[in-house]
Amino acid sequence: MSSEYFNIIPSNNPVNNTYSFAAGQSLINFIIPPSENRLVGSSVRLNGRITVTGPAAKECLLNPRVALMSMIDSISISSHETGQNIETIKFYPRFLSSFFSTLNSEQDLLGFQSITRASTNSTGGARDSVGRTALSTNALNQQDFSFNLLTGLLLSEVGIPLDKCGGLFISLQLSNNENLFVADAGVASPLLSISDVHLSGLLNVGSSTASEMTYN
């Protein structure tokens with residue numbers, strides 16, 4: 001069996017290539033077209049660059065475990081051809097908080113996940129990783145990110161047959177900045193924007209013979 005990687009940009013890519021809840025462009029859509037290949041769900045990653053601005057940027061507080069993944073408020077996955085809903089997760093940060101607390105150790109949080117999504121074991125650590133680090137390293141207050149999209153479908157150990165489900169339409173709703181960051185009393189929450197967004201992953205070449213698929 002051979003494999004191939006893919007890298008796609010959003011189907012609703014704005015003119016300025018930037019998404020932000022404050023700017024009104026808070027929905028990011030991706031289309032994975034139908035093909036005789038199987039998607040390796042665990043390989044799907046959201047990649048891009050964040051920009052944190054505002055008076056409270058240096059003192060912004062994030063959920064230390066969920067960290068940058070809390071920028072996504074909800075995820076919806078449907079068939080691209082039929083529009084039939086396959087899976088929807090609302091209040092995504094709340095789900096992730098329970099998920100990471102159950103499956104990740106302190107070493108995981110302080111290791112590779114601190115690099116890919118700025119996770120820590122303390123609220124102050126998340127602030128330093130995202131706010132102060134971004135501000136001190138460059139004048140544009142920017143930081144790159146890359147993390148997996150964790151849903152029941154994408155965590156399935158069975159390859160997702162793109163021909164049988166009619167391709168996938170993945171829609172990400174960004175979180176409100178006031179819900180994403182916690183600033184000191186009387187201080188406005190910083191603003192987060194996302195640019196250079198793309199979705200990457202791995203395809204196993206070849207159609208699946210299965211007529212149905214189960215997932216978590």
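Residues numbered from 1 in each chain as written. Predicted model: local features only at pLDDT ≥ 70, side-chain atom pairs only at ≥ 80, totals over all residues. Heavy atoms only, no water.

Let's shift gears to the nonpolar core. In terms of nonpolar packing, the biggest core is built from 44 residues, with Leu 39, Leu 46, Leu 149 and Leu 168 touching the most fellow members. Elements with a minimum of two residues in this core: strand S1 (3-8), strand S3 (27-32), strand S4 (37-53), strand S5 (72-79), helix H1 (92-103), strand S7 (142-148), strand S9 (168-174) and strand S10 (191-205). Those residues within four positions of Leu 168 in sequence are excluded, and the remaining contacts are Phe 30, Ile 31, Ile 32, Leu 39, Ile 77, Ser 78, His 80, Ile 86, Leu 153, Ile 160 and Leu 162. (Core = buried A, V, L, I, M, F, W, Y, C linked by side-chain atoms within 4.5 Å. Buried < 20%, exposed > 50% of the residue type's maximum accessible area, 1.4 Å probe, protein only. Helix = DSSP H or I, 4+ residues; strand = E, 2+ residues; numbered from the N terminus. Contact = heavy atoms within 4.5 Å.)

Low-confidence regions, as indicated by low pLDDT, have predicted coordinates that should not be scrutinised in detail. For the protein, the mean per-residue pLDDT works out to 78, and 69% of the residues sit at or above 70. When pLDDT is averaged over each element of the protein, S9 comes out on top at 97 and helix H4 (residues 123-137) at the bottom at 44. Low pLDDT (under 50) marks residues 115-139, which in the prediction has 68 contacts with non-local residues, meaning those over four places away or in another chain. (pLDDT = per-residue confidence, 0-100.)

Applying the stated rule across the entire model yields two salt bridges. The shortest N-O distance in the salt bridge between Arg 49 and Asp 144 comes to 2.7 Å. Placement of Arg 49 in strand S4 and of Asp 144 in strand S7 is noted, with a sequence separation of 95 residues between them. On the basis of relative accessible area, Arg 49 is assigned to the partly exposed category, the value being 28%. Among the ionic pairs, Lys 164 bridges to Asp 163, the shortest N-O distance being 4.0 Å. By relative accessible area, Lys 164 is classed as partly exposed at 44%. Residue classification places Asp 163 among the partly exposed residues on the basis of a relative accessible area of 28%. (Salt bridge = Lys/Arg side-chain N within 4 Å of Asp/Glu carboxyl O.)

Right, let's talk about the environment of Leu 62 for a bit. Mapped onto the secondary structure, Leu 62 falls in the loop between S4 and S5. In this structure Leu 62 comes out as buried when scored by relative accessible area, which is 5%. Distance in space between the C-alpha atoms of Leu 62 and Asn 179 is 9.4 Å, their sequence separation being 117 residues.

Here the focus is the environment of Pro 10. One can find Pro 10 in the loop between S1 and strand S2 (18-19). What makes Pro 10 buried here is its relative accessible area of 5%. Remark: the alpha-carbon pair of Pro 10 and Asn 29, spanning 19 residues in sequence, is separated by 5.3 Å. With sequence-adjacent residues up to four places away left out, Pro 10 is seen in contact with Tyr 19, Ile 28, Asn 29, Phe 30 and Val 197.

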